[in-house]
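Listed below are the residues making up each chain.
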Amino acid sequence: MESSSPIRVLVVANKTAATPTLLEAVRDRARREKCTFTLLVPNSAHGLHRVMDPEDHVDKSEAENVIELAQPLLEDAAGGSVGALIGDPEPLAAIQDAVNIHGFDEIIISTLPTRVSRWLRLDLPSKVKGLGLPVTTITAKGRAEAAVPST
């Protein structure tokens, strides 16, 4: 029996939010069953703010720019409206906050290529799995990108 309410998918991305691989993953996910999507962009901390207390540095312009660029592309891929959130500079905290406050059924994490991805070095996908939700990781591979589902 199919549920009448759509699956709520949290898409976590920053620099990869408008990449063709992520857009294709969203398009594929939307085709499988009725979904709603929300883009979560962790607010970037730079310089000493990254080392000290990134929450004291409240400049959302970089995250807002990412959302402004990616949201219409994601909406086209999803075939409907895509919400947007700016989260904590620490990606795991941002995801936990989004899940706890807004409630999601699954998570897609989009990262930079393995050799440069801070999120993969931090093992973010495995840590997010601890929330008990299905997690798919989309990893850019240099110029050619590939979707890599987490298991």
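All residue numbers here refer to positions counted from 1 along the written sequence of the relevant chain. With pLDDT at 70 or above as the cut-off, local features in this predicted model cover only qualifying residues; side-chain atom pairs require 80 or more to be listed or tallied, and sums for whole chains, interfaces and linings still use all residues. Values reported for side chains reflect all heavy atoms of the structure, with hydrogen atoms and water molecules removed beforehand.

Draft legend 1. Fine view of helix 1 (residues 20-32). Secondary structure is summarised from DSSP: a helix means a run of H or I of at least four residues, a strand means a run of E of at least two, and numbering begins at the N terminus for each. Expected span, for any helix, means 1.5 Å times one less than how many residues it has. Relative to the 18 Å expected for 13 residues at 1.5 Å per residue, helix 1 spans 19 Å between its end C-alpha atoms, a close match to the ideal helical length. A 1.4 Å probe rolled over the protein chains alone gives each residue an accessible area, and that area as a share of the maximum for its type sets the label: buried under 20%, exposed over 50%, partly exposed in between. Every buried residue of helix 1 is listed here: Thr 21, Leu 22, Leu 23, Ala 25, Val 26 and Arg 29.

Draft legend 2. Summary view of the packing of helix 1 against helix 3 (residues 61-78). Here the axes come from fitting lines to C-alpha atoms, over the contacting stretch only for helices, and the angles between their N-to-C directions go from 0 to 180 degrees. Across the interface, helix 1 lies against helix 3 with an axial gap of 8 Å and an inter-helix angle of 35°. The crossing of helix 1 and helix 3 is right-handed. Across the interface between the two elements, Leu 22, Leu 23, Val 26, Arg 27 and Ala 30 from helix 1 touch Leu 73, Leu 74, Asp 76, Ala 77 and Ala 78 from helix 3. A clockwise turn of the near helix away from the far one marks a right-handed crossing, whereas an anticlockwise turn of less than a right angle marks a left-handed crossing. For this analysis, residues touch if any pair of their heavy atoms sits within 4.5 Å.

Draft legend 3. The layout of surface pockets, seen in detail. Computed over the protein atoms alone on a 1 Å grid, cavities are sets of points where a 1.4 Å probe fits but cannot get out and pockets are open sets with protein on both sides within 12 Å along at least five of seven lines; a residue lines them when it has an atom within 4 Å of a point. Grid points are joined across faces, edges and corners, and a volume is the space filled by probe spheres set on the points. Approximately 180 Å³ is the volume found for the second largest pocket. Surrounding the second largest pocket, 11 residues form its lining, Ala 25, Asp 28, Arg 32, Thr 136 and Ile 138 being those nearest its centre. Put simply, the parts of the chain that give the lining of the second largest pocket at least two residues each are helix 1, strand 4 (106-111) and strand 5 (135-141). At six residues, helix 1 tops the list of elements feeding residues into the lining of the second largest pocket.

Draft legend 4. The arrangement of the environment of Ala 78 in detail. Residue position: Ala 78 is located in helix 3. The class for Ala 78 is buried, based on a relative accessible area of 17%. C-alpha separation for the pair Ala 78 and Phe 37, spaced 41 residues apart in sequence, amounts to 7.4 Å. Excluding anything up to four places from it in sequence, Ala 78 contacts Val 26, Ala 30 and Phe 37.

Draft legend 5. Inspection of the pattern of salt bridges at higher detail. What counts as a salt bridge is simple: a side-chain nitrogen of Lys or Arg found within 4 Å of a carboxyl oxygen of Asp or Glu. Throughout the structure, instances matching the rule amount to seven salt bridges. Salt-bridge contacts for Arg 27 lead to Glu 24; the nearest nitrogen and oxygen are separated by 2.9 Å. On the criterion of helical spacing, the pair formed by Arg 27 and Glu 24 is a turn pair, its members being three residues apart in helix 1. Judged by its relative accessible area of 32%, Glu 24 is partly exposed. Residue Arg 31 is joined to Asp 28 by a salt bridge in which the shortest nitrogen-to-oxygen separation is 3.1 Å. Here Arg 31 pairs with Asp 28, and both are found in helix 1, just three residues apart, close to one helical turn. For Arg 31, a relative accessible area of 59% corresponds to the exposed category. On the basis of relative accessible area, Asp 28 is assigned to the partly exposed category, the value being 32%. Several salt bridges share partner residues, and in doing so they unite Glu 24, Arg 27, Asp 28 and Arg 31 into one network.

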